[in-house]
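# Descriptive analysis of the structure
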Amino acid sequence: MTGLEAIQHYNGFAMAGVGITIVFTALVALSLIISQLHKVLLAWENRAAWADAMRRWKRGNGRGTTEKELPDIEAIREPARQFHLLIEFTGEPFSLPVLIKRAESRGLARVHFTVSRLIECHLIVPDEDGYFRWNHEVYNRFSGRRKK
Amino acid sequence: MEMFLDFFANTGFALVDYRNLIMIAIGVIFIYLGIAKHYEPLLLVPIGFGILLGNIPVFKGLGLSIYESNSVLNYLYFGVTSGVYPPLIFLGIGAMTDFSTLLARPVLMLLGAAAQAGIFLTFLGALALGFAPNEAASIGIIGGADGPTAIFLTAKLAPELIGPIAVAAYSYMALVPVIQPPIMKLLTTRKERLIRMEEPRLVFKREKIIFPIVAVLLCCFIAPAALPLLGLLFFGNLLKEAIVTERLAQAARSAVIDTVTILLGVTVGASTQADVFLTGKSIGIFVLGALSFGVATAAGLLFAKLLNLFLKTRINPLLGAAGVSAVPDSARVVHMVGQAEDPGNYLLMHAMAPNVSGVIGSAVGAGILWSFMV
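First things first, this report covers the structure right here in the doc. The structure presented is a predicted model; accordingly, all values stated were derived computationally and were not measured.

Before going further, it helps to spend a moment on the overall build of chain B. Looking only at helices and strands, one finds 21 helices and zero strands in chain B. In terms of C-alpha radius of gyration, chain B reaches 21 Å, essentially the compact-globule figure of 21 Å for 374 residues. Principal-axis analysis of the C-alpha atoms gives chain B an extent of 85 × 45 × 40 Å. Within chain B, the fraction of its 374 residues that count as buried is 57%. Sequence separation of at least 24 residues holds for 75% of the intrachain contacts in chain B that already meet a minimum separation of 6. Of the roughly 15,100 Å² of accessible surface on chain B, 72% is carried by carbon and sulfur atoms. Averaging the positions of the 22 positive and the 20 negative side-chain charges in chain B gives two centres separated by 13 Å.

Much of the literature gives interface size as the accessible area that the parts lose upon coming together. On the chain B side, the residues contacting the 31 residues of chain A number 38 residues. For the chain A and chain B pair, buried surface summed over both sides reaches about 3,000 Å², with 87% attributable to carbon and sulfur atoms. The interface formed by chain A and chain B contains zero salt bridges. Our count for the contact surface shared by chain A and chain B stands at two residue pairs in polar contact (both at pLDDT 80 or more). When residues of the side of chain A that touches chain B are traced back to their parent elements, those giving at least two are α1 (3-9) and α2 (12-45) of chain A. Per element, the largest residue contribution to the side of chain A that touches chain B is 25 residues, and it comes from α2(A). Looking at the side of chain A that touches chain B residue by residue, the class counts come to 23 nonpolar, seven polar and one charged.

Another point: the packing of aromatic side chains. For any pair of aromatic rings, the description consists of the separation of the ring centres together with the inter-plane angle of the planes. Summed over the entire model, instances satisfying the criterion amount to 10 aromatic pairs over all chains. Here B:Y172 and B:F286 contribute two aromatic rings whose centre-to-centre distance is 6.2 Å and whose plane-to-plane angle is 65 degrees, an arrangement assigned as edge-to-face. Taken together, the residues B:Y172 in helix α12 (residues 162-174) and B:F286 in helix α19 (residues 280-308) connect sequence positions 114 residues apart. Ring geometry for B:F211 versus B:F234: centroids 5.8 Å apart, planes at 85 degrees, classification edge-to-face. With B:F211 in helix α15 (residues 205-222) and B:F234 in helix α16 (residues 227-241), the pair connects residues that are 23 residues apart, well separated along the chain. The class for B:F211 is buried, based on a relative accessible area of 0%. Each residue in the set B:Y172, B:F277, B:F286 and B:F293 is aromatic and connected to the rest through ring pairs, giving one cluster. A cation over an aromatic ring shows up here: A:R47 above the ring of A:W44, its NZ or CZ 4.2 Å from the ring centre.

Rules used in this analysis
- Residues numbered from 1 in each chain as written.
- Chains lettered and ligands numbered in written order.
- Predicted model: local features only at pLDDT ≥ 70, side-chain atom pairs only at ≥ 80, totals over all residues.
- Heavy atoms only, no water.
- Helix = DSSP H or I, 4+ residues; strand = E, 2+ residues; numbered from the N terminus.
- Rg over C-alpha atoms; globule rule 2.2 N^0.38 Å.
- Buried < 20%, exposed > 50% of the residue type's maximum accessible area, 1.4 Å probe, protein only.
- Contact = heavy atoms within 4.5 Å.
- Areas by Shrake-Rupley, 256 points an atom, 1.4 Å probe, with all protein chains shown as cover.
- Lys, Arg positive; Asp, Glu negative; His and termini not counted.
- Charge placed at Lys NZ, Arg CZ, Asp CG, Glu CD.
- Buried area = accessible area lost by both parts, 1.4 Å probe.
- Salt bridge = Lys/Arg side-chain N within 4 Å of Asp/Glu carboxyl O.
- Polar contact = N/O pair within 3.5 Å; in protein donor to acceptor, adjacent residues only side chain to side chain.
- Nonpolar A, V, L, I, M, F, W, Y, C, P; charged D, E, K, R; others polar.
- Phe/Tyr/Trp six-rings, centres within 6.5 Å; stacked < 30°, edge-to-face > 60°.
- Lys NZ or Arg CZ within 6 Å of the ring centre and 35° of its normal.

What follows is the structure, given as structure tokens:
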């Protein structure tokens, strides 16, 4: 027996159809899982922060977040102002090593620590091309609050 | 004088048949291709030498032929017929493979799945040519472009075809640089071949450790018959990524895989005795094997083009050709074809993702076919 007759006799089309479907299902499922794996791991590593965020969210629609972040900014208010001036002068986007070098050459104190805090407070944010920008929105919010 | 004549009657010179000479010539060509042309030398040299051993005409009854139950070669061949060697090779492959690019861009895994269409279309082709379903399944798996998987499935379903199927699978794997580029150029435009891939993201070590565990559980729950191959593939990979088991990983990717490759190559080669190899079926197997390689390559390429219709960041469709699991040859061919258009386009790292997913896909495909036939 040969040809289509043989394929139909042995149920070939069904076997081939089911076979390729199962291969696809297995690999699609695997790719879906591994595409989320790094996010799950990241969440696990930052589980304390997540739990904290959840608690604040439960307390009242994220109000706590602002209150939590602002004291950090307040603590580095003066260095933030200095870096804002420096970045306005040097232009955006900028690379962190260049910013640090310029800040050091101008004699700013504890440059690495300050840059780290500015990043934590989202005042310095990545632009997704390997460089960084000054977050004017957060800075204005912070400045506005300070004026009150 | 009579003793001399009796002795002469039992020598290879008296017993030789023209078919043995044809096979010896094929063995010599394999050795030549491996040594002089560097086509898969680690496989073609042992297989070629095995073909010489298998086709030296011997006196039946002395326990010399690989098909005689008490011969040394037959004991070594047990690893092939029982399906022991292929999983051990997978253990070594797992201990050598870095799944980083796959973890960084999981969507490329779908290209490895698409290329497995070659297996099932060839299965249909073999049925249409009059092969029995178990034989058709064994022939179809050649399209997976994975020698150990082809041998494993054939040992389970059609042991009498191991010789031709193994030789076809390994020959076509060695000929990937010849078979694939024309299909790749035919099915892609120059503009598509020039597409550059984005840098993959950094992959955490923990991801690499968790991946083999998740993958073996998921794939083997879906297709349990793939357990012997995928189980050892991912076990080998876990040994590699766990760091604390580096000694075992080192053994798996060197001593274990080298020893098994030697034994597998020589015994598969020796199993190609002229009387069982030079048949009409073998010719059919070789023709279908070539077709299945072509179909698998085309399926991967076309699926990559289809994916580009939905993806925000387009992928280079050449990567689809790496979905056939000839690791790392097809990835290397993708890189070479890409560089022929743009010498600054480095596709090798990206092509490894569909390439290793092709290994997983072909093992799952083999498991499915095996379960269908049981």
